[in-house]
Amino acid sequence: MTEPQQQWTETIESHHSLFGLKLGEVWRYRDLIYMFVKRDFVSSFKQTILGPIWFFINPIFTTLVYIFVFGNLAKLPTDGAPMILFYLVGVTLWNYFSSCLTGTSSTFTGNASIFGKVYFPRLVTPISVVISNLMKFGVQFLLFLCFFFYYWYKGEVDPNLWILATPFLILLMAAFALGAGMIFSALTTKYRDLNMLLGFGVSLYMYATPVIYPVSALSGIWKKLAMCNPLTGIFECFKYGWLGKGDFSALMLGISTLIIFIILAIGTIIFNKVEKSFMDTV
C-alpha cells in the first residue's frame, strides 16, 4: 500500500520570471505587511512628545519657509493660486514621494539580518514602506483640505473634474518611488556610495520638479526637460485639478505614466535578479 503524497503549502524556488512581481505570494503575506507598517509607524514616534502631530508641523513650517523665500524674496509665480495652497500641495506630494524613495532604496541593506534568517517575498518590505508613508500622506492631505475648503469658500480656487484623478496620481507616485527605489536597493548591495549619492540626488531632484514653481514659468529647453520628469505631469495635474491653475495637458500626464511604467519594469527586473544572491554581497 503506497503512502499518500504530501501536499506542500509553500514551494520556494530559485528560478522565477524576472518580470514577475509575485503579487499572489505577497498577498498571502499581507499580515507581515501589516506588521511592518505598524512597526514603521510606532518607531517613527516612539519616545517623542508630540507624536503624530509632527505630521502637521513638518509641512506647515516647510510651507511657511517656501512662502517667505520663494514667494516673497525670489518672487516666483504661483499661476495666481494662493501661495499657501500652491506650496502646501508641492510639499505634501514631495514628502510622500521622497519618503517612499529613500525608504525603498534601503530594502536590502536595511533588512539583511531579517532576510538571512527567514523566507518571505522580498517585495513585502518596499510595499510596506509605500503603505506606511501613504498613511502619513493621508494625514498631511487632510491638512491641505482644510486650507483648500477655506480658499474655495472665498472663491480663490476653481477645482475641476481632474480632482477625480487624485487616486491615480498617488498610485503613479507610489509606482515611481517603488521602481526607482528597487533599482537603488539592488545597486547599493554592491555600491554603498549610492546611499550618500541618493540623499544628495533627491535634494537636487526637488528643484527639477515643479514643487516651488509652476511649469508655466519655464520656457524653451527648460520646459522640454521638465516634461521628461515623470513627476511633472503628476504635480501639474494635481494643482490643476484642485486649484484650477497651471499649464497642464493630458499629454503631460500620459508621458509621466509611460516613463513610470518603464522605470517600474526595469526596477522589477533588477530587483528580482539581485534578490537571489544579494546575501553574498551585503
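Since the structure is predicted, the reported quantities are computational estimates derived from the model, not experimental observations.

Reading guide: rules and limits
Residues numbered from 1 in each chain as written. Predicted model: local features only at pLDDT ≥ 70, side-chain atom pairs only at ≥ 80, totals over all residues. Heavy atoms only, no water. Helix = DSSP H or I, 4+ residues; strand = E, 2+ residues; numbered from the N terminus. Contact = heavy atoms within 4.5 Å. Areas by Shrake-Rupley, 256 points an atom, 1.4 Å probe, with all protein chains shown as cover. Salt bridge = Lys/Arg side-chain N within 4 Å of Asp/Glu carboxyl O. Buried < 20%, exposed > 50% of the residue type's maximum accessible area, 1.4 Å probe, protein only. Phe/Tyr/Trp six-rings, centres within 6.5 Å; stacked < 30°, edge-to-face > 60°. Polar contact = N/O pair within 3.5 Å; in protein donor to acceptor, adjacent residues only side chain to side chain. Axes fitted to C-alpha atoms, helices over the stretch in contact; angles between N-to-C directions. Parallel < 35°, antiparallel > 145°, perpendicular 65-115°, else oblique. Left-handed = near helix turned anticlockwise from the far one by under 90°. pLDDT = per-residue confidence, 0-100. Patch = residues over 30% accessible without salt bridge, like charges linked within 9 Å, V, L, I, M, F, W, Y side chains within 5 Å. Expected span 1.5 Å × (residues − 1).

1. Side note on the overall build of the protein chain
Alright, step 1. Along the backbone of the protein chain there are twelve helices and zero strands.
Alright, step 2. Ordered by position from the N terminus, the helices and strands of the protein chain form the series α-α-α-α-α-α-α-α-α-α-α-α.
Alright, step 3. Counting contacts in the protein chain only where the partners sit at least 6 residues apart, residues at least 24 apart contribute 80% of the total.
Alright, step 4. Split by element, the accessible area of the protein chain, about 15,400 Å² in all, is 68% carbon and sulfur.

2. Thoughts on the pattern of salt bridges
Alright, step 1. As enumerated under the stated definition, the model contains two salt bridges in all.
Alright, step 2. Across the pair lysine 154 and glutamate 156 runs a salt bridge whose closest N-O atoms are separated by 3.2 Å.
Alright, step 3. The closest approach of N and O atoms between lysine 223 and aspartate 247, which form a salt bridge, is 2.4 Å. One end of the pair, lysine 223, is in helix α10 (residues 221–227); the other, aspartate 247, is in the loop between α11 (230–243) and α12 (250–274), and 24 residues separate them in sequence.
Alright, step 4. What makes lysine 223 partly exposed here is its relative accessible area of 27%.
Alright, step 5. Looking at aspartate 247, the relative accessible area reads 27%, which means it is partly exposed.

3. Some words on the packing of aromatic side chains
Alright, step 1. One pass over the full model with this rule turns up 22 aromatic pairs.
Alright, step 2. Relative to tyrosine 87, the ring of phenylalanine 86 has its centre 5.4 Å away and its plane inclined at 85°; by these criteria the two rings are edge-to-face.
Alright, step 3. Looking at phenylalanine 86, the relative accessible area reads 2%, which means it is buried.
Alright, step 4. Between phenylalanine 141 and phenylalanine 144 the ring centres are 5.7 Å apart and the planes differ by 35°, which places this aromatic pair in the tilted class. Within this pair, phenylalanine 141 and its partner phenylalanine 144 are both found in helix α7 (residues 124–153), separated by three residues, close to a single helical turn.
Alright, step 5. On the accessibility criterion, phenylalanine 144 (1% relative accessible area) is buried.
Alright, step 6. In textbook terms, an aromatic cluster arises when at least three aromatic residues are bridged by ring pairs, as seen for Tyr96, Phe137, Phe141, Phe144, Phe148, Phe149, Trp152, Phe238 and Trp242.

4. Details of the side chain of serine 128
Alright, step 1. Note that serine 128 resides in helix α7.
Alright, step 2. Polar contacts involving the side chain of serine 128 include one to the main-chain carbonyl oxygen of threonine 125, which spans 2.6 Å.
Alright, step 3. The residues contacting serine 128, other than those within four sequence positions of it, are Ile33, Phe36, Val37 and Asp40.

5. A look at the packing of helix α8 (residues 166–187) against α11
Alright, step 1. Packing of α8 against α11 brings their axes to within 10 Å, and their N-to-C directions diverge by 160°. Taken together, the axes of α8 and α11 are roughly antiparallel relative to one another. Between α8 and α11 lies a crossing whose hand is left-handed. Here Thr166, Leu169, Leu172, Met173 and Phe176 of α8 come into contact with α11, specifically with Pro230, Leu231, Ile234, Phe235, Cys237, Phe238 and Trp242.

6. Focus: the confidence of the model for the protein chain
Where the model shows low pLDDT, its predicted coordinates should not be examined in detail.
Alright, step 1. Looking at the protein chain as a whole, the pLDDT averages 83, with 83% of positions reaching at least 70.
Alright, step 2. Within the protein chain, α11 carries the highest mean pLDDT (94), whereas helix α6 (residues 112–115) carries the lowest (70).

7. Remarks on a nonpolar patch on the surface
Alright, step 1. Nonpolar side chains collect at one region of the surface, where Phe56, Ile60, Phe61 and Leu64 lie side by side and expose about 370 Å² of accessible area between them.
Alright, step 2. Judged by its relative accessible area of 32%, isoleucine 60 falls in the partly exposed class.

8. Things to note about unusual backbone geometry
Alright, step 1. Phi at lysine 75 is positive, roughly 60°, even though this residue is not glycine.
Alright, step 2. Looking at where lysine 75 falls in the secondary structure, it is placed in the loop between α3 (54–73) and α4 (83–104).
Alright, step 3. Overall, lysine 75 belongs to the exposed group, its relative accessible area being 63%.

9. Thoughts on α11
Alright, step 1. Here α11 is 14 residues long and its end C-alpha atoms lie 21 Å apart, about the 20 Å a rise of 1.5 Å per residue gives.
Alright, step 2. Extensive coverage of α11 is indicated by the burial of 13 of its 14 residues.
Alright, step 3. Positioned one or two residues after α11, glycine 244 has a phi angle of 75°, which is positive.

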